[in-house]
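# Topology and contacts: notes
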Amino acid sequence: MEHAEVQTTKPKSTPLPQKSEASTPVLHHIASLLSALTHPSKEGCLFFSKSSTPSDPDLITLKFLLLDPSTHFQDIVTEARAVILAGGTMSPMSDYTSHLFPYLPSTSITTLSCGHVIPKENLVAWNLSRGPSGKEFEFTFQNRSDNSMVDELGRALLNICTIVPDGVVVFFPSYSYLSSILSRWGAIPSPGEKSILQRLEGKKALFKESKDFGVEDVLREYAQAIDAGKGGLLLSVVGGKMSEGINFSDSLGRCVIIVGLPFPNIMSAEWKAKISYIEAATISRLENGEERVSREEMMRRAKEQGREYYENACMRAVNQSVGRAIRHRGDYAAIVTVDRRFDGERVKGKLPGWIREGLVPDAGRKNFGQLMGTLGGFFRGKKGT
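Residues numbered from 1 in each chain as written. Predicted model: local features only at pLDDT ≥ 70, side-chain atom pairs only at ≥ 80, totals over all residues. Heavy atoms only, no water.

### Some words on the pattern of salt bridges
The line we're drawing: Salt-bridge detection follows one rule: a side-chain nitrogen of Lys or Arg within 4 Å of a carboxyl oxygen of Asp or Glu. Every helix listed is a DSSP run of H or I at least four residues long, and every strand listed is a run of E at least two residues long, numbered separately from the N terminus.
Per the counting criterion, the structure on display carries 21 salt bridges. Measuring nitrogen to oxygen at the nearest pair gives 3.6 Å for the salt bridge that ties Lys 303 to Glu 279. Linking Lys 303 in helix H9 (residues 295–322) with Glu 279 in helix H8 (residues 269–288), this pair joins segments that are 24 residues apart in sequence. Here the salt bridges do not stand alone but share partners, grouping Glu 304, Arg 307, Glu 308, Glu 311, Arg 346 and Lys 350 into one network.

### Quick notes on unusual backbone geometry
Residues apart from glycine generally show negative phi values, whereas peptide bonds are mostly found in trans. Here Asp 166, not a glycine, exhibits a phi torsion of approximately 60 degrees, which is positive. For Asp 166, the location among the structural elements is in the loop between helix H4 (147–163) and strand E5 (167–172). At Asp 250, a position not held by glycine, the phi torsion is positive, near 50 degrees. Along the polypeptide, Asp 250 turns up in the loop between strand E7 (232–237) and strand E8 (255–259).

### Section: a nonpolar patch on the surface
Using the following cut-off: Within this analysis, patches are made of residues with over 30% relative accessible area and no salt bridge. Like charges are joined at 9 Å or less; nonpolar side chains (Val, Leu, Ile, Met, Phe, Trp, Tyr) at 5 Å or less. Here the accessible surface of atoms and residues is derived via Shrake-Rupley with a 1.4 Å probe, and residues count as covered only by protein chains that are part of the display. Exposure categories follow from relative accessible area, calculated using a 1.4 Å probe and restricted to protein chains: below 20% of the type maximum is buried, above 50% is exposed, and the middle band is partly exposed.
Together, Val 26, Leu 27, Ile 30, Leu 34, Leu 37, Leu 46, Phe 48 and Leu 62 make up a nonpolar patch on the protein surface, roughly 790 Å² of accessible area in all. Looking at the nonpolar patch, the element that brings in the most residues is helix H1 (residues 26–36), giving four residues. Here Leu 34 shows up in helix H1. The exposure class of Leu 34 is exposed, given its relative accessible area of 52%.

### Some points on the sheet that holds E7
For clarity, the threshold we go by: At least two bridges found by DSSP between two strands are what make those strands a pair. With axes taken as lines fitted to C-alpha atoms, and helix axes fitted only over the stretch in contact, angles between N-to-C directions fall between 0 and 180 degrees. Note on definitions: a residue-residue contact is assigned when non-hydrogen atoms from the two residues lie within 4.5 Å.
As summarised here, the arrangement of the six strands in space is E4-E9-E8-E5-E7-E6, forming an open sheet in which the pairing is parallel. Two strands close off the open sheet at either side, each with one partner strand: strand E4 (123–128) and strand E6 (205–208). Neighbouring strand axes in the sheet, compared pairwise and without regard to direction, differ in orientation by 15 degrees on average. Judged from the six bridges that link them, E4 and strand E9 (residues 333–338) form a sheet pairing that is parallel. Bridged to Leu 123 within E9 is Ala 333. Here H4 sits on the sheet and contacts E4, E5, E7, E8 and E9; the angle it forms with E8, its principal contact strand, is near 170 degrees. Contacts from helix H12 (residues 368–381) reach E4 and E9, with the element oriented near 165 degrees to E4.

### A look at the side chain of Asp 68
In plain terms, the rule: In protein, a polar contact means a hydrogen-donor-capable atom and an acceptor-capable atom, both N or O and within 3.5 Å, with residues adjacent in sequence counting only if both atoms are side-chain atoms; elsewhere, any N or O pair within 3.5 Å suffices.
Looking at where Asp 68 falls in the secondary structure, it is placed in the loop between strand E3 (60–66) and helix H2 (70–79). In terms of polar contacts, Asp 68 uses its side chain to reach the side chain of Thr 71, at 3.4 Å. Within the local environment of Asp 68, its side chain forms a polar contact with the side chain of Tyr 277, the two groups lying 3.0 Å apart. With residues up to four places along the chain from it excluded, the contact list for Asp 68 reads Glu 43, His 99 and Tyr 277.

### Structural notes on helix H7 (residues 216–227)
Basically, it comes down to this: Multiply 1.5 Å by the residue count of a helix minus one, and that product is the helix's expected span. The directions from the helix axis to the C-beta atoms form the arc being described.
Along its twelve residues, H7 runs 16 Å from first to last C-alpha, staying within 8% of the 16 Å computed at 1.5 Å per residue. For H7, the complete set of buried residues consists of Val 218, Tyr 222, Ala 225 and Ile 226. Take H7 and look down its axis: the buried residues cluster within an arc of 100 degrees, on one side only. In H7, the exposed positions that point more than 90 degrees away from the buried face belong to Glu 216 and Asp 227.

### Here we look at H2
Those residues of H2 not exposed but buried are Ser 70, Phe 73 and Val 77. Down the axis of H2, the buried set is contained in an arc of 70 degrees. They therefore lie on one face. For H2, the exposed residues lying more than 90 degrees away from the buried face are Thr 78 and Glu 79. Summarising the contacts, the buried residues of H2 are in contact with helix H3 (94–100).

### Focus: the packing of aromatic side chains
Note the following rule: Pairing of aromatic rings covers Phe, Tyr and Trp, the last through its six-membered ring, and needs centres within 6.5 Å; plane angles under 30 degrees mean stacked, over 60 mean edge-to-face, and all others mean tilted. Whether a charge sits over a ring depends on NZ of Lys or CZ of Arg being within 6 Å of the ring centre and within 35 degrees of the ring normal.
Following the criterion strictly, the structure yields twelve aromatic pairs and no others. Ring geometry for Phe 378 and Phe 379: centres 5.0 Å apart, planes at 80 degrees, overall edge-to-face. A residue is classified by how much of its surface remains accessible, and Phe 378, at 11% relative accessible area, is buried. By way of ring pairs, the aromatic residues Phe 263, Trp 271, Tyr 309 and Tyr 310 are connected into one cluster. In this arrangement the basic side chain of Arg 254 is found over the ring face of Tyr 332, its NZ or CZ atom lying 3.7 Å from the centre. The ring centre of Tyr 332 lies 5.8 Å from the NZ or CZ of Lys 382, which sits over that ring.

Quick look at the structure:
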């Protein structure tokens, strides 16, 4: 979602400390916002929010959300002989045809998805729907406070860290959920026993991503622990700093684990506006199109388009996180998704082709022991490579 953003704070009686790092001048942000506001009202919305953090309670954010990018991209399309959009993690791609080029006939749009450079034997992909004791994994918002499921996840991770060498990177749906999981795992079950967190630290050196701090120091210490032979377990967040642009090649990422489906907050004002716009735009196109469609069918298709866009945003974030591993032809890794919903054809179909090809058939119906056997055989076969 394209947006322009301005942040401001009320004047304080004491001067703020000077920041040493370079930042974009405030006037540039204001100019960008004013430029965005020249768009027709139907193309975007303006939002404002006040900070809830105790450290800066007076921070106010103004944000312009562009709802319809197609109008601005149309100038490029009409003037060029061909337009190529290319990227490593663009799938699912239906958004580009539905929302970026709605004015073009389907015959004018060609999509191409290439396979990965690695041979098939360098990847094992598995969806884990149940843990070591058979507890089902379904990390919906309603289930996230299920302590028995969180404990089961911890036990599963302990077993995986025993089998997988070097670096393991785990992506959680949000910073708040990662924090709550760490709080649960840090609890001592009974006097004299170790917590799940302590047991994990006994398997590999443990590191976690923080929303408030940079990633450079964490990544350096993580790499040093792996180079020293201790192994590393890095707990990160989908859509966070570690999920985009970071290279976990070779020993830095022998296993990538995705916990749950990171759906955006559909109750937020921005997502309500976006879904409402997509549904309204879909109905408008159907009303003005040549195909005769009943009102009920228009509403059904509009809801489907909104759902498709929402799901695609989630799965594109998942695919970006998964893409952090396996960075060259000789690389190899295991990818484990943890949630029974990954077994659904609708979700599975939004994974990149190279992941789908590497998925172990019917993994969701297999038990946890079979995953351990598969991982053990995979990494034994790669020993010394």
